[in-house]
Amino acid sequence: MKNIYDILQERGFIDGVTDADGLRDLLDSKKITCYIGFDPTASSFHVGSLIPIMSLMHMQQAGHCPIALVGGGTVLVGDPSGKTETRQLLTLEEVHENAKGIKKQLSIYLDFSEGKALLLNNADWLVPLNYIEFLRDIGRHFSVNRMLTAESYRSRMETGLNFVEFNYMLLQSYDFLHLYREYECLLQMGGSDQWGNIVAGADLIRRMEGGAAYGMTFPLITTASGDKMGKTAQGAIWLDPELTSPYEYYQYWINTDDRDVERFLALFTFVPLEEVKRYGQLTGADLREAKEALAYEATKITHGESEAKKAREASRMAFGNTEGSLDAMPTTSLQKERIKQGITAWELFAVTGLCASKGEARRLISQGGGYVNGSRLTGTDEVITEEHIREGTIILRAGKKRYQRVVLK
């Protein structure tokens with residue numbers, strides 16, 4: 001079997017490694033335990049969290065044992081990494097609810113049966129810590145001068161870094177030490193903004209246990225246009241189907257910038273690299289095949305094959321391919337009588353939620369961005385009547401990509 005280190009490198013996951021040769025040899029010689037921490041700052045992950053999740057899936061597929069660590073303890077302190085200001089601290093009740101949500105989501109991606117992966121919460125060992133003992137046993141191994149050179153702290157010195165946040169590196173390092181001791185965990189992985197914390201944890205293990213531990217970081221993924229992954233004009237793309245429907249999730253991926261398709265196929269799907277490279281050679285109209293593969297495979301991983309198929313069929317129907325079904329498209333139900341009486345297009349766009357307000361709907365239509373059953377609306381006061389009903393439905397479109405199906409009852 002190919003070394004998992006090479007697989008991750010070829011697919012674009014690796015940004016930094018504490019000891020590349022040593023880690024590669026380790027992964028080649030035996031099955032190891034590795035971990036990534038996920039602070040429960042929300043009840044759901046979004047697309048921006050997929051890189052660490054996918055990396056754990058790759059590790060498990062290669063026979064290694066991943067630990068998904070829910071940061072029920074560290075989230076009470078707040079990670080300063082990548083932030084220009086102090087995070088809003090959550091209540092214990094909020095942390096508990098968020099932790100339940102992300103534990104459920106992680107089970108979609110990883111197989112936790114028969115010890116193939118572990119799902120842990122660092123609140124179990126961090127919350128009971130005696131602070132004085134922690135400072136004496138752990139804190140004495142950390143140099144304040146060295147800590148201040150870490151990017152996560154240095155970038156915050158001008159805007160302000162509180163003492164609670166300053167403890168975060170110690171707590172994350174202690175996590176690594178605890179997992180090393182209890183589960184023989186030899187590798188911590190995380191985003192590039194976690195480099196300082198990961199290195200500090202490996203160093204703590206060396207100082208206290210005399211053992212070798214490794215760190216790996218992933219690059220910050222941005223789109224070709226420079227935007228952060230998972231952010232759209234309509235908000236974040238969540239992994240929870242209640243927050244972002246499988247159809248909307250599929251649409252996010254199929255609307256990927258042409259320049260990102262090959263890279264995202266390598267990162268966010270398990271499509272073999274040879275096939276990824278073939279897709280990368282496609283141009284023009286043929287590139288639609290690659291985008292459809294990306295959208296389908298990414299949606300299948302998160303929402304299952306059935307939902308991926310439904311989303312693909314609905315997308316094909318929306319874009320003029322008659323082979324499909326609109327069942328997965330976002331849908332609003334209205335009384336048929338309301339359409340019979342006549343309703344202005346701008347009001348219908350607002351009622352269905354395709355536009356956030358009536359004013360936004362008026363602007364959209366006046367600028368030529370409103371469509372009904374594929375036909376562009378010519379004026380904001382155009383009235384939608386039963387003449388627009390096609391097989392019990394009306395299809396609305398805002399711009400090029402956002403659709404809403406109106407089902408009449």
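Note: the structure precedes this text.
### Points about the sheet that holds strand 11 (residues 370-372)
Now for step 1: Within the open sheet, the 5 strands sit side by side as 9-15-14-11-12. Their pairing is mixed. Edge strands, defined here as strands with exactly one partner in the open sheet, are strand 9 (331-334) and strand 12 (375-376).

### Structural notes on a nonpolar patch on the surface
Now for step 1: There is a patch of nonpolar side chains on the surface, built from Y131, I132 and L135 and spanning about 280 Å² of accessible area.
Now for step 2: For I132, the position within the fold is in helix 6 (residues 131-137).
Now for step 3: According to the relative accessible area criterion, I132 is exposed, its value standing at 54%.

### Side note on the side chain of Q60
Now for step 1: When you line up the elements, Q60 lands in helix 3 (residues 50-61).
Now for step 2: Take Q60: its relative accessible area is 18%, and that puts it in the buried class.
Now for step 3: Setting aside anything within four residues of it in sequence, one finds Q60 in contact with P66, L110, D111, K116 and A117.

### Topic: the nonpolar core
Now for step 1: One finds M216 and W253 to be the most contacted residues of the largest nonpolar core, which totals 91 residues.
Now for step 2: Here this core gets 9 residues from one element, more than from any other, and that element is helix 10 (residues 168-183).
Now for step 3: Non-local contacts of W253, meaning those with residues more than four positions away in its chain, are made with V47, L50, M229, F264, F268, L294, A295 and A298.
Now for step 4: Of all hydrophobic cores here, the second largest spans 21 residues; its members include L334, C355, L364 and A398.

Rules used in this analysis
- Residues numbered from 1 in each chain as written.
- Predicted model: local features only at pLDDT ≥ 70, side-chain atom pairs only at ≥ 80, totals over all residues.
- Heavy atoms only, no water.
- Pairing = 2+ DSSP bridges.
- Helix = DSSP H or I, 4+ residues; strand = E, 2+ residues; numbered from the N terminus.
- Patch = residues over 30% accessible without salt bridge, like charges linked within 9 Å, V, L, I, M, F, W, Y side chains within 5 Å.
- Areas by Shrake-Rupley, 256 points an atom, 1.4 Å probe, with all protein chains shown as cover.
- Salt bridge = Lys/Arg side-chain N within 4 Å of Asp/Glu carboxyl O.
- Buried < 20%, exposed > 50% of the residue type's maximum accessible area, 1.4 Å probe, protein only.
- Contact = heavy atoms within 4.5 Å.
- Core = buried A, V, L, I, M, F, W, Y, C linked by side-chain atoms within 4.5 Å.

Remember, this is a structural readout, not a statement about activity or role.
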